Amino acid sequence: NAGVTQTPKFQVLKTGQSMTLQCAQDMNHNSMYWYRQDPGMGLRLIYYSASEGTTDKGEVPNGYNVSRLNKREFSLRLESAAPSQTSVYFCASTVGLHNEQFFGPGTRLTVL
Amino acid sequence: GNSVTQMEGPVTLSEEAFLTINCTYTATGYPSLFWYVQYPGEGLQLLLKATKADDKGSNKGFEATYRKETTSFHLEKGSVQVSDSAVYFCALLMNTGFQKLVFGTGTRLLVSP
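Residues numbered from 1 in each chain as written. Chains lettered and ligands numbered in written order. Predicted model: local features only at pLDDT ≥ 70, side-chain atom pairs only at ≥ 80, totals over all residues. Heavy atoms only, no water.

**Topic: the sheet that holds strand S3 (residues 19-21) of chain B**
Residue and element names in this part refer to chain B.
- Strand order in this open sheet of four strands is S3-S9-S8-S7, and the pairing throughout is antiparallel. A strand with exactly one partner marks an edge of an open sheet, and here the two such strands are S3 and strand S7 (56-59). Across the sheet, the mean angle from the axis of one strand to that of its neighbour is 15°, orientation sign disregarded.
- Pairing geometry for S7 and strand S8 (residues 62-65), over four bridges, is antiparallel. Paired with Ser58 across the two strands is Glu63, which belongs to S8. (Pairing = 2+ DSSP bridges. Helix = DSSP H or I, 4+ residues; strand = E, 2+ residues; numbered from the N terminus. Axes fitted to C-alpha atoms, helices over the stretch in contact; angles between N-to-C directions.)

**A word on the side chain of A:Arg68**
Residues and elements named next belong to chain A.
- Within the secondary structure layout, Arg68 lies in strand S7 (residues 64-68).
- Within the structure, the side chain of Arg68 is placed 3.0 Å from the backbone oxygen of Asn30, a separation counted as a polar contact.
- A polar contact of 3.0 Å, which involves the side chain of Arg68, links it to the backbone oxygen of Asn70. (Polar contact = N/O pair within 3.5 Å; in protein donor to acceptor, adjacent residues only side chain to side chain.)

**A few points about the side chain of A:Arg44**
All names here are of chain A.
- For Arg44, the position within the fold is in strand S5 (residues 42-49).
- The exposure class of Arg44 is buried, given its relative accessible area of 18%.
- For Arg44, the side chain forms a polar contact with the side chain of Asp38, separated by 2.8 Å.
- If we skip the residues at most four places from it in the chain, Arg44 touches Trp34, Tyr35, Arg36, Asp38, Glu59 and Val60. (Buried < 20%, exposed > 50% of the residue type's maximum accessible area, 1.4 Å probe, protein only. Contact = heavy atoms within 4.5 Å.)

**Some thoughts on the environment of A:Gln11**
Residue and element names in this part refer to chain A.
- Along the chain, the position of Gln11 falls in strand S2 (residues 10-13).
- Accessibility expressed as a relative area gives 27% for Gln11, which makes it partly exposed.
- Between the C-alpha atoms of Gln11 and Leu21, which are 10 residues apart in sequence, the distance is 9.6 Å.
- If near-sequence neighbours (up to four positions away) are discounted, Gln11 is found in contact with Met19, Arg108, Leu109 and Thr110.

Next up, the structure:
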């Protein structure tokens, strides 16, 4: 099992460009999450999907959209990138009642 | 709201020293508590967890005890190694409604030979 995979690993964008971060899990998990990690701020939840077909906003959803394409895949889209979106983005998935989350390796995004 | 407070780092230790990283939480109710570890350039990995008061989570020589009376979940290890150098995150999860993890800001541990 690959666990949680993310693509790309690194990306540099110019202000105003768009891109989609991809995430997939092969553990048959129901719930998936997108976080951003910034220095001194820990992880902040952007969006989550409790189950296939549903998505909800987290703490910091502005400037992002998500798609739960199927049970395996959960993508994060930046429609018009801004320098404030420079961050490391992590995808995670969970299965059980106590919500042990499994994380992907992250995407390091720089917006110039 | 629910929150987690961790000691600020970095914590700098010599190999074989004793480690404590403090974590306290605020929650309405009785959450599950977690410690995650992030090695350089990697995602977060679950290190240990405790789901109710007085539970002790342990893994790889690390331990933490869920203390309801002090709302704490301090991480300890008796003898750290250079390979333990990483960032450690304390987190809580409420067990009602849809479950979302609440993370602390992380504590960087640096272990020198």
